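# Tertiary structure, described
Next come the chains, spelled out residue by residue.
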Amino acid sequence: MTHPPARPVTIEPSTGLHGRIRVPGDKSISHRSLMLSALAVGESRVEGLLEGEDVLATAAAMRAMGAQIERGEDGVWRIHGVGVGGLLQPAQALDMGNSGTSTRLLMGLVASHPITATFAGDASLSGRPMARVIDPLSTMGADITASPGGKLPLMVRGMCPAIPIEYTLPVASAQVKSAILLAALNTPGITRVIEPVPTRDHSERMLAGFGANLTVEATTRGRVISLHGEAGLKPQSIVVPGDPSSAAFWLVAASIVPGSDIVVENVGLNPTRAGLIAVSRLMGADITELNPRDVGGEPVADLRVRHAALTGIEVPHDIAPSMIDEYPVLFVAAAFAQGRTIARGAHELRVKESDRIAAMRDALEANGVACEEHDDGLTIDGSGGEAIPGGGRVASKLDHRIAMSMAVAGLHAAKPVSIDDAGPVATSYPAFFDQLAQLCRGVR
Ligand code: S3P
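What comes next is a walk through the structure. Here the structure is a predicted model, which means the values were calculated and not measured. (Residues numbered from 1 in each chain as written. Predicted model: local features only at pLDDT ≥ 70, side-chain atom pairs only at ≥ 80, totals over all residues. Heavy atoms only, no water.)

### Some thoughts on the site of the ligand
Selection criterion: Distances are taken per atom, and a residue is near a molecule or strand as soon as one of its heavy atoms is within 4 Å of it. Each polar contact in these results corresponds to two N or O atoms within 3.5 Å; when the atoms are within protein, one needs to be able to donate a hydrogen and the other to accept it, and residues that are neighboring in sequence are counted only if both atoms are side-chain atoms. Methods summary: accessible areas were calculated by the Shrake-Rupley approach with a probe of 1.4 Å, and residue burial reflects only the protein chains presented. Here a cavity is any set of points on a 1 Å grid over the protein atoms alone where a 1.4 Å probe fits but cannot get out, and a pocket is any open set with protein on both sides within 12 Å along at least 5 of 7 lines; a residue lines the site when it has an atom within 4 Å of a point. The way we define it, a molecule is inside a pocket or cavity when more than half of its atoms are within 2 Å of that pocket's grid points. Residues are grouped as follows: Ala, Val, Leu, Ile, Met, Phe, Trp, Tyr, Cys and Pro are nonpolar; Asp, Glu, Lys and Arg are charged; all remaining types, including Gly, are polar. Residue ranges for the domains trace back to a domain assignment, done automatically or taken from a database.
Taken together, Ser28, Arg32, Thr101, Ala172, Ser173, Ala174, Gln175, Arg200, Ile324, Asp325 and Lys352 form the complete shell of residues around the ligand. Contact between the ligand and alanine 174: an oxygen atom at 2.7 Å from a main-chain N or O atom of the residue. For the ligand, the protein covers 95% of the area, taking 380 Å² as the surface of the free molecule. Mapping the ligand onto the cavity grids shows that it belongs to the largest pocket. Each residue belonging to the shell around the ligand can be placed in one class, and the counts come to 3 nonpolar, 4 polar and 4 charged. Residue assignment places the shell around the ligand across two domains, with domain 1 (9-25 + 241-439) and domain 2 (27-239) each supplying three or more.

What follows is the structure, given as structure tokens:
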């Protein structure tokens, strides 16, 4: 896969963030909205879909497998599904771009259909481990041929009927859980996934909403999710709540830049995603929930965030799955805290869009922040609220969250922070730099 030319960005310090912004739709829910709608019989409507490159890769793949997917001029997406079991053989390789969620969940869908699909992606995605989904999907009968090391490009030959399994997740991964549950939709009998450590539960909530035959029990072994396959899905009208992982950048930005006072509207507060808010509060962040409501079966609120003096903490390990995508920006918050922050217990950061532990250590050190790298996280000595030295160049490593996190760090730095390539931001948050400019001056 070829990459577009790099998009360098320089961030100037800000004198304070002010105003209101609305975060885009949740990425995890957006992917699942398209996939489940594409398997329902009839027309589903999706409002507030995240129109980022990752989700558009899922839309293109579902079209390639027979679903009709259109965006109306009103911004509402209308999807005519093919029915569970009705996916068609794609004519070409599926281009997954940078998106691990598209890849792993769609591998699950293909695994129990009588079709073959090839998955390919960019350099970042092609370096990420797929064995975690290859193993359970192969046990269900799919025939998967991967590149060396269980990487992309890879080919999935689905098995129909597939074999139901009981599978205990060896890594806390919502993507692996979801891949198995999606495969289970077209598999006779009961497939069970046991998660010893809870991960984001959007798949379970949405599958139940679409009428799948699914139960979730809390047991001593963990959460046991049982899905009775080969039942139809009913089309839905979905409103996608705002993405807490996108809101996280503004929560930290307003907390660290003196004088800031902002409202971030439409933030999803599903407890399996809300770890950063809890950890920021432990560090002393000033976050108030306004107008709590329910959007599409998920808790949502607007968040008022004011500048606050942050204090370093030891981040509790068990919170990691509920803020796994927020560690890069948590490291930035830590860089401005009083004292030391120890954020460990997050090995998974090594296999995200980049190795986020190494990438953030390099980026922070290049900008004068003292860090110590561990196999599972970072220890960071904060500035006590002062501007960090800045002046460094950040390698974003094809990782949207590295680029956005370091853009936030640059808002309170003595010298401008430059980012070699902000292009990957388009995968999850195309409006990020426009909204940054709206909230403060300082982007060149
Ligand atoms: C996601 C799950 C998480 C997360 C990713 C999206 C999902 O990955 O990092 O950005 O939508 O299921 P893992 O489940 O692999 O931890």
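That covers the picture; the talk isn't over yet.
### Regarding the pattern of salt bridges
For clarity, the cut-off: By definition, a salt bridge exists where a carboxyl oxygen of Asp or Glu is found within 4 Å of a side-chain nitrogen of Lys or Arg. Numbering of helices and strands starts at the N terminus; helices are DSSP runs of H or I of at least 4 residues and strands are runs of E of at least 2. Type-normalised accessible area, obtained with a 1.4 Å probe on protein chains alone, sets the label of each residue: buried when under 20%, exposed when over 50%, and partly exposed for intermediate values.
Across all of its chains, the model carries 33 salt bridges by this definition. The partner of lysine 177 in a salt bridge is glutamate 195, and the shortest N-O contact between them spans 3.2 Å. Within this pair, whereas lysine 177 is found in helix α5 (residues 174-185), its partner glutamate 195 is found in strand β11 (residues 190-195), the two being separated by 18 residues in sequence. Residues aspartate 261 and arginine 304 are paired through a salt bridge, measuring 2.7 Å at the closest nitrogen-oxygen approach. Here aspartate 261 is found in strand β15 (residues 261-268), whereas its partner arginine 304 is found in strand β17 (residues 298-306), with 43 residues between them in sequence. On the accessibility criterion, arginine 304 (27% relative accessible area) is partly exposed.

### As for the layout of surface pockets
Convention followed: Grid points are joined across faces, edges and corners, and a volume is the space filled by probe spheres set on the points.
Roughly 570 Å³ of volume is contained in the largest pocket. In terms of lining residues, the largest pocket is bounded by 36 residues, among which Ala172, Ser173, Ile324, Glu348 and Lys352 are the most central. At the level of elements, α1 (27-39), α3 (100-111), α5 and α11 (400-409) are the ones that each hand at least two residues to the lining of the largest pocket. It is α1 that contributes the most residues to the lining of the largest pocket, 4 residues altogether. When its residues are assigned to classes, the lining of the largest pocket shows 8 nonpolar, 14 polar and 14 charged.

### Examining the side chain of histidine 113
Rules: Two residues form a contact once any of their heavy atoms are found within 4.5 Å.
For histidine 113, the position within the fold is in the loop between α3 and β7 (116-120). Residue histidine 113 is classed as buried on the basis of its relative accessible area, which comes to 1%. Within the structure, the side chain of histidine 113 is placed 3.5 Å from the backbone nitrogen of glycine 86, a separation counted as a polar contact. When sequence neighbours within four positions are dropped, the list of residues in contact with histidine 113 reads Leu39, Val84, Gly85, Gly86, Leu87, Gly158, Met159, Cys160 and Asn186.

### As for the pairing of strand β4 (residues 68-71)
Going by this rule: In this scheme, strands are said to pair when DSSP sees at least two bridges between them.
As defined by bridge partners, β4 adjoins strand β5 (residues 77-80) across 4 bridges and the pair is classed as antiparallel. Residue pairing in the sheet places arginine 71 in a bridge with tryptophan 77 of β5. Remark: 5 residues form the turn of the hairpin made by β4 and β5, two consecutive strands paired antiparallel; glycine 75 in that turn has positive phi of roughly 80 degrees.

### Comments concerning the pairing of β17
Sheet topology places β15 next to β17; 6 bridges connect them, and they run antiparallel. In the sheet register, glycine 268 faces β17, and the bridge partner there is valine 300. Of the pairings in the sheet, the one linking strand β16 (residues 286-295) to β17 comprises 8 bridges and is antiparallel in character. Paired with leucine 290 across the bridge in β17 is aspartate 302.

The values are spatial; any link to function lies outside them.
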